[in-house]
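Analysis of the macromolecular model
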Amino acid sequence: MGYVIKNLYITVDRKDRTDRSRSIEVMRQSMEKGISVFLCPEGTRNKTDQPLLDFKDGAFRLAIATQKPLAIVYCHKH
């Protein structure tokens, strides 16, 4: 697991604008190398009774910047 986290997991401090920009840049560079990126667009763990939190726009901005398609996956909790 340590290898995966160290080499494949991109962290982001959503409260820090600089760190958000850094993570987007790391993802952009990965995508330009042909590496797929998986994002959870609601942004954080949902601790409410709502099915989803507000979406963040990073995935969309990243797709536009790299001209790569998005694949939308909907996972419904039973």
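Residues take numbers from 1 onward in each chain, read along the sequence in its written order. Predicted model: local features are reported for residues with pLDDT of at least 70 only, side-chain atom pairs are reported and counted for 80 or more only, and whole-chain, interface and lining totals are derived from all residues. Heavy atoms throughout the structure, all of them, feed into the side-chain values; hydrogens and water do not.

Considerations on the pattern of salt bridges
Formally: Within this document, salt bridges are pairs made up of a side-chain nitrogen of Lys or Arg and a carboxyl oxygen of Asp or Glu, the two lying within 4 Å of each other. Secondary structure is summarised from DSSP: a helix means a run of H or I of at least four residues, a strand means a run of E of at least two, and numbering begins at the N terminus for each. Only protein chains enter the accessibility calculation, which uses a 1.4 Å probe; a residue is then buried when its area is under 20% of its type maximum, exposed when over 50%, and partly exposed in between.
Taken as a whole and judged by the stated rule, the model has four salt bridges. For Arg28, the salt bridge is made with Glu25, and the minimal N-O distance between the two is 2.3 Å. With Arg28 and Glu25 both in helix α2 (residues 17-32) and three residues apart, the pair spans about one turn of that helix. Note on Arg28: relative accessible area 23%, which makes it partly exposed. Residue classification places Glu25 among the partly exposed residues on the basis of a relative accessible area of 31%. If you follow the salt bridges from partner to partner, you end up with Glu25, Arg28 and Glu32 in one network.

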